[in-house]
Amino acid sequence: MNQEIAQDEQANLEICFSLNGSDIQVKIKPWETAVDTLRNRLGLTGIKEGCGIGECGACTIILDGKAVNGCLILAAQLDGRTVETVEGLAVSGTMNYLQKAFLDKGSIQCGFCSPGMLMSTKALLDEYKQPSRDQIINALSGNLCRCAGYVQIIEAVEEAARQEGELQKTTDK
Amino acid sequence: MRSEFKYVRTDSLQECLDFLSAHGLETEIMAGGTDLMISLRGGSLSPKFVLDISRLQEIRSIEKYRDFIKIGSNLTYSELINDTLLARTFPALHVAMGCVGSQQIRNVGTLGGNIANSSPAADSVPGMMIHEAEIMIQKADSTRIEKLEKLIVGPYSNTLTPDELITGILLRPVESNFKQSYRRIARRKSLSIARVNAAVLGSLNDSGCIEELRISVGSVAPTPLRMRQAENSIKGLRPEFKILQEASELVAKQIIDLVGARHSTEYKRPAIAGLVLKCLEDVLLDQN
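What you are looking at is a predicted structure, and each value in this text was computed from that prediction instead of being measured.

Student: I'd like a description of the overall build of chain B, backed by residues and values.
Tutor: Scanning chain B for helices and strands turns up 12 helices and 14 strands. Taken over C-alpha atoms, the radius of gyration comes to 19 Å for chain B, in line with the 19 Å a tight globule of 288 residues would show. Counting only C-alpha atoms and orienting by the principal axes, one finds that chain B spans roughly 60 × 45 × 30 Å. The buried share among the 288 residues of chain B stands at 48%. A sequence separation of at least 24 residues applies to 66% of the contacts in chain B between residues at least 6 apart.

This is the structure:
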């Protein structure tokens with residue numbers, strides 16, 4: 001307990017950033033990673049830490065529109081920026097279309113890679129509405145799935161992009 | 001054991017350089033942080049300060065500088081890959097940058113960081129070497145320009161002093177009749193460190209003989225290298241397969257001579273020769 005308090009006294013750096021649409025203010029230790037802060041201080045346990053060295057992609061978050069490894073970013077670097085995590089996808093308890101496509105296509109087994117996969121997918125589809133299969137593979141190549149469900153994951157991304165495309169057509173009419 | 005440090009971010013390049021001149025010895029510079037964070041996490045580096053330069057706008061532009069194109073050291077791989085001028089002018093480097101890490105790594109990693117880290121296996125370095133890259137280095141009150149070949153002196157080792165910052169990469173564009181190629185051998189496509197990588201640039205003259213040729217090889221020696229002896233051995237000759245084969249075997253021989261025979265030599269010698277041969281074929285045989 002004492003140790004915890006002592007450690008928290010080191011949390012002397014205050015940062016402000018936009019987190020899933022809300023402005024957040026939090027005190028952190030200067031050497032904390034973004035994963036540490038999001039999980040342990042802000043309770044966003046959707047973000048996973050797998051390898052901790054930027055190889056598995058389980059910690060993928062979107063920073064100013066770009067997918068990045070939360071384990072290779074200092075929390076201090078979030079200051080003043082826009083952060084999106086998997087918790088921001090569902091709106092009032094309803095899955096968004098990406099999550100639904102992952103479920104429909106059987107893209108989830110153990111689920112550890114899913115939050116990172118979803119965030120890499122969101123960053124891709126935010127930039128390219130109708131990505132090619134190669135673009136999808138490239139965008140997800142920094143996310144490892146040890147249940148080896150890559151085909152289903154790629155199909156889910158294709159399906160999500162297709163549905164969005166059709167939805168767009170209907171709204172355009 | 002994770003290192004504990006103070007986080008510092010400055011608003012301008014000058015403030016950043018001033019900070020380095022006062023505290024450079026006890027500071028690690030963070031650009032993309034993709035290599036640095038791992039060393040900080042493991043505790044192999046434990047600086048007093050981590051200086052975050054990722055927001056310095058002054059070193060994030062692409063512009064003409066004398067007869068070079070100057071690339072701001074702070075631009076990320078993703079930004080550089082998406083730049084159509086760079087893709088057209090430096091196609092080998094363009095391919096090389098696409099081989100770096102993963103999308104997440106390329107979204108934060110920078111060319112300046114790749115040079116400063118000075119890994120023998122850096123993907124981008126051979127792609128810059130064939131353009132005779134020169135590196136703009138600044139400190140609080142002065143600027144120097146150093147050839148990339150001279151800057152990197154050993155594995156993870158370079159001539160940068162603690163008060164200096166890489167601010168620009170100067171690449172010399174070539175005429176449109178030049179062709180370029182970059183190839184690598186690695187265990188898998190993404191998130192892998194190259195076992196061998198090579199960049200080649202060359203042109204033929206009107207009579208179809210090799211006019212200009214530059215070969216750079218990485219991952220197989222303490223630093224990425226320019227292979228001038230092999231280049232000169234076939235300049236002026238007609239690019240026949242056998243000639244190219246001899247030049248690539250010379251590259252492999254020189255590297256083995258340099259690093260000495262190791263348990264991996266049996267693999268490395270044909271791997272280096274084969275990779276360089278493919279690059280030479282890309283550049284010199286496909287020109288119709």
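Student: I'd love a proper account of the pairing of strand E12 (residues 196-204) of chain B, names of residues and values included.
Tutor: Residue and element names in this part refer to chain B. With 7 of 9 residues buried, E12 lies mostly within the body of the structure. Two strands pair when backbone bridges link them, and E12 and strand E13 (residues 210-218) are joined in this way by 8 bridges, in the antiparallel orientation. Paired with alanine 199 across the strands is serine 216, a residue of E13. Remark: 5 residues form the turn of the hairpin made by E12 and E13, two consecutive strands paired antiparallel; glycine 208 in that turn has positive phi of roughly 80 degrees.

Student: Got a sec to walk through the sheet that holds strand E2 (residues 27-30) of chain B? Specific residues and values, please.
Tutor: All names here are of chain B. Ordered by their spatial adjacency, 3 strands build an open sheet running E1-E3-E2, and the pairing between neighbours is parallel. Each edge of the open sheet carries a strand with a single partner, namely strand E1 (6-9) and E2. Going from strand to strand, the sheet's axes swing by 25 degrees on average, the running direction of each strand aside. Pairing between E2 and strand E3 (residues 49-52): 4 bridges, direction parallel. Bridging from a neighbouring strand, threonine 27 pairs with phenylalanine 49 of E3. Where helix H1 (residues 13-23) meets the sheet, its contacts fall on E1, E2 and E3, and the angle it forms with E3 comes to roughly 160 degrees.

How each quantity is defined
- Residues numbered from 1 in each chain as written.
- Chains lettered and ligands numbered in written order.
- Predicted model: local features only at pLDDT ≥ 70, side-chain atom pairs only at ≥ 80, totals over all residues.
- Helix = DSSP H or I, 4+ residues; strand = E, 2+ residues; numbered from the N terminus.
- Rg over C-alpha atoms; globule rule 2.2 N^0.38 Å.
- Buried ≥ 20, exposed ≤ 12 C-beta atoms within 10 Å, placed from the backbone.
- Contact = placed C-beta atoms within 7 Å.
- Pairing = 2+ DSSP bridges.
- Axes fitted to C-alpha atoms, helices over the stretch in contact; angles between N-to-C directions.

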